[in-house]
Amino acid sequence: MHIVVCVKQVPDTRIIKVNPKTNTLDRRGIPAILNPFDSHAVEAGVRLKEKVGGTVSVLSMGPPNAVKMIRKCVEIGADEGYLISDRFFAGADTLATSYALYKAFEKMLEEKPVDIIICGKQTIDGDTGQVGPGIARRLDIPPITNVIEIKEVDEKAKKVVVKRKLEDGYEMIESSLPCLLTVEKDINPVSYSPLPNMIKAARYEPTIWKVDDLNDVDKKQLGLKGSPTIVAKMFAPPKLEGGKKIEGNAEQQSKQIVSLLLEKPELFEKKRGRA
Amino acid sequence: MENNRGVWVYMEQKEGRIVNVSLELLGAGRKLADKLNVPLSGVLLGDKVKHLCPTIFEYGADEVYVMDDPILKNYRTESFMKGVNHFAEKYHPEIFLFGATPNGKDLASAVATDLCTGLTADTTMLDVEVETRLLEASRPAFGGNIMATILCKKHRPQMATVRPKVMKALQPEMGSKGKIIEEPLDVEEENLRTKVLEIVKDTKKKLKLDEADIIVAGGKGLVDEKGFALIHELAEVLGGSVGASRDVVEAGWIGHDHQIGQTGITVTPKIYFAIGISGAVQHVVGMKNSELIIAINKDANAPIFDASTYSVVGDALEILPILIEEFKIALKQEEEEGEVKHA
């Protein structure tokens, strides 16, 4: 079975700072990492391979230094890495990104078929979750989002059963293969990388394709030019005003909180209803 | 592009009821439609859902596009996408909004790809520039550190998914009427590649954080899991639910289902306790619309105090045990008094 996981190198937005005067991002010293959601996706691919056999490839679009992130995926257990990297791809929104990755899939499909595609739920820099379903639509395969378990895979019947998270529970979905899954972090934790993987990863060189290596690419659909959406402006989140200070020592403060809340009986309707 | 007119809202329904975010979007969409002087339309798909049309009119729509078919009983990307695409290609709206729910995001992503247009995710502010007719969809970016306004200049419709609980639904106007445009779904079951085998509701002690009246949320300021146990205790005493900041979830003190904020859930309870939470923007976007916010933090300059109704500067580990006791006593008194009155 050929499992392909789509991954992205992202700035670690968890530690990114905004310059409050200019409303620009201060990227200095911000490390580029494997998108945390994608690390769960790679792990899911590796676990699936352990169950059914086959190959796990990772595919990414990014700058040349994204090779480092692909090595990280090899540490987790990916067998092969593919990177499409070209200035034509730069500045892409989700529509242009899914187009570029779709073209990369077409290229990959010349070599061997793809049975299942796994993507992380979303990236931490774009936070959209739109690229996975976009790729599925372009390849005309079913997208299944918010997957928390790959329950069954029947290679012969070309069918998969997955558990999809809903707001108030889950649903079991059967899909024909190939299909594309976007997975939640809950699908599996990411295991520690075994030493042989680390050694393999250190020297691993992924396949790198430039735009001209791909077939029949409409360059108008790539990168900034091919992106229908643009960021018109950035601004600080609306400033909140802040509230009243409750002074005193811990005991005085506690007493004030309790009496403040008890003054608003409607706040405790439910509690009272039960009493 | 000149042919694209009208503001559309996808009406997500579940078991024959319209989900809240879709009603909220009718409220937001009404304002946009009035500014642009165009009709506001709902797009409704499902099995035996036509009876929901009056509700959609009452909440502000002028028209409803309906597809009613047994194939649409359960949400599936492929069937719903076909239906929505059919309407969008035939009647070409200029703006198309979806709730940022699992199904709403799934559907919007597929539809935008097929219509080859721009889609802004998880919008929290919507406006329209009347002259250019451009939708200004603003959303938290880079983990909520900054807001970005996204435009889609040359493609139509301009699409966005919008976070639940940030827009306001209108007061329903009973008896409002409008135009119903019903069309058949052109899909055969045997051509579909996915099947919903079963839907299981989480019956075990449902978390339902987004419906809780009282939420007690804790952060790294509680030092360790033992400190965080006080959060559970206070929540128990108040009959509330437990929330958490991202770093606490990442430290493994509590499950991701409890995470409030940008990558967690958005909540609007009556009372929100933010305890030992510094108030990173990512957290604040998920709770700032709570009715009453009480923040407890050691650091007097913590940004959470900008969002709070009441600010308590102090050590949560010192305050919490006292607070829990005080509440126990006070609520017990209340209960006894109540019983006397009812006796």
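The rules behind each value
- Counting starts from 1 at the beginning of each chain's written sequence and moves along it residue by residue.
- Going through the entries in the order they are written, you letter the chains from A and number the ligands from 1.
- Per-residue local features are limited, in this predicted model, to residues with pLDDT of at least 70; the limit for side-chain atom pairs, both in listing and counting, is 80 or more; totals at the level of whole chains, interfaces and linings are taken over all residues.
- Each side-chain value is worked out from all heavy atoms of the structure, with water and hydrogens disregarded.
- UniProt positions are given in the numbering used here, feature names are shortened, and annotations may be inferred rather than shown by experiment.
- Helix and strand assignments come from DSSP, with helices taken as H or I runs of at least 4 residues and strands as E runs of at least 2, each series counted from the N terminus.
- Here, residues are in contact when the closest pair of their heavy atoms is within 4.5 Å.
- Think of a polar contact as two N or O atoms within 3.5 Å of one another; within protein, one of them needs to be a possible hydrogen donor and the other a possible acceptor, and neighboring residues in sequence only count if both atoms come from side chains.
- For salt bridges, the criterion is a side-chain nitrogen of Lys or Arg within 4 Å of an Asp or Glu carboxyl oxygen.
- Buried, partly exposed and exposed residues are distinguished by accessible area as a fraction of the type maximum, computed with a 1.4 Å probe on protein chains only: under 20%, between the cut-offs, and over 50%, respectively.
- The length a helix should cover is 1.5 Å for every residue beyond the first.
- Note that the domain bounds were set by an automatic or database domain assignment.
- Structural elements are reduced to axes, namely lines fitted to C-alpha atoms, with helices fitted over the stretch in contact, and the angle between N-to-C directions of any two is expressed from 0 to 180 degrees.
- Angular relationships are summarised with four words: roughly parallel below 35 degrees, roughly antiparallel beyond 145, roughly perpendicular across 65 to 115, and oblique for the angles in between.
- Crossing handedness is defined as follows: a turn of the near helix away from the far one that is anticlockwise and smaller than a right angle gives a left-handed crossing, while the clockwise case is right-handed.
- Polar here means any residue other than Ala, Val, Leu, Ile, Met, Phe, Trp, Tyr, Cys and Pro, which are nonpolar, and Asp, Glu, Lys and Arg, which are charged; Gly is therefore polar.
- Here, any two strands with at least 2 DSSP bridges between them count as paired.
- When the strands point away from the viewer and the connection leading from the first strand across the helix to the second strand turns clockwise, the crossover is called right-handed.

An unreviewed UniProt entry annotates chain A as Electron transfer flavoprotein small subunit originating from Chengkuizengella marina. Quoted straight from UniProt, the Cofactor (unreviewed entry) entry for chain A says "AMP". What UniProt states about chain A under its Sequence similarities (unreviewed entry) heading is, verbatim, "Belongs to the ETF beta-subunit/FixA family."

> So what exactly am I meant to see when it comes to the overall build of chain B here?
Each helix and strand counted, chain B has 9 helices and 18 strands in total. If one aligns the C-alpha atoms of chain B with their principal axes, the spans along those axes are about 65 × 50 × 40 Å. A sequence separation of at least 24 residues applies to 63% of the contacts in chain B between residues at least 6 apart.

> Which parts of the structure should I look at to understand the environment of K49(A)?
Considering the arrangement of structural elements, one finds K49(A) in helix 1 (residues 36–52). Reaching out from K49(A), the side chain makes a polar contact with the side chain of D79(A) at a distance of 3.0 Å.

> Looking at this structure, how should I read the pattern of salt bridges?
Oppositely charged side chains may form a pair once their charged atoms are brought near each other. In total, this model carries 39 salt bridges over all chains according to the counting rule given. The shortest N-O distance in the salt bridge between K201(B) and E15(B) comes to 3.1 Å. Here K201(B), found in strand 13 (residues 194–201), pairs with E15(B), found in the loop between strand 2 (13–14) and strand 3 (17–18); they are 186 residues apart in sequence, far enough to count as distant. On the basis of relative accessibility, which here comes to 38%, the residue K201(B) falls in the partly exposed class. Note that D34(B) and R30(B) form a salt bridge whose closest N and O atoms lie 2.9 Å from each other. Of the two residues, D34(B) and R30(B) both sit in helix 1 (residues 20–36), 4 residues apart, roughly one turn of that helix. Each member of the salt-bridge network shares a partner with another, and the members are R137(A), D140(A), E78(B), D114(B) and R193(B).

> What is the right way to read helix 1 of chain B from this model?
One full turn of an α-helix is made of 3.6 residues, so residues set three or four places apart face in the same direction. Given a rise of 1.5 Å per residue, 17 residues ought to cover 24 Å, and the 25 Å separating the end C-alpha atoms of helix 1 of chain B matches this to within 8%. Phi turns positive, to about 60 degrees, at N37(B), one or two residues after helix 1 of chain B.

> What's the story with the domain arrangement of chain B in this structure? I'm lost.
Interface size is commonly expressed as the accessible surface area that is lost when the partners come together. Residues and elements named next belong to chain B. Structurally, chain B comprises domain 1 (7–191) and domain 2 (209–342). Computed over C-alpha atoms only, the centres of domain 1 and domain 2 are separated by 34 Å. Tallying the contact residues gives 8 residues for domain 1 and 10 residues for domain 2. Summed over the shared surface of domain 1 and domain 2, the result is 0 salt bridges. The interface formed by domain 1 and domain 2 includes 3 residue pairs in polar contact (both at pLDDT 80 or more).

> Sorry, what's going on with the packing of helix 3 (residues 94–111) of chain A against helix 4 (residues 131–139) of chain A here?
The geometry of a pair of packed helices is captured by two quantities: the angle between their axes and the separation between those axes. Residue and element names in this part refer to chain A. Between helix 3 and helix 4, whose axes approach to 8 Å, the crossing angle comes to 50 degrees. As judged from the angle between their axes, helix 3 and helix 4 are oblique. Regarding helix 3 and helix 4, the two cross each other, and that crossing is right-handed. Contacts from T94, L95, T97, S98, Y99, L101, Y102, F105 and L109 in helix 3 reach V131, G134, I135, R138 and L139 in helix 4. Looking at side-chain class alone, the contact of helix 3 with helix 4 contains 9 nonpolar, 4 polar and 1 charged residues.

> Teacher, can you tell me more about the pairing of strand 15 (residues 241–244) of chain B here?
Note on strand geometry: in a regular strand, side chains alternate between the two faces of the sheet. Residue and element names in this part refer to chain B. In strand 15, alternate side chains face the same way, and those of S241 and G243 on one face and V242 and A244 on the other are all buried. In this sheet, strand 15 lies alongside strand 14 (residues 214–218) in parallel orientation, the contact comprising 4 bridges. Note that in strand 15 the partner of I215 across the bridge is S241. Since strand 14 and strand 15 lie parallel, the crossover through helix 5 (residues 225–238) that links them has a hand, and here it is right-handed.

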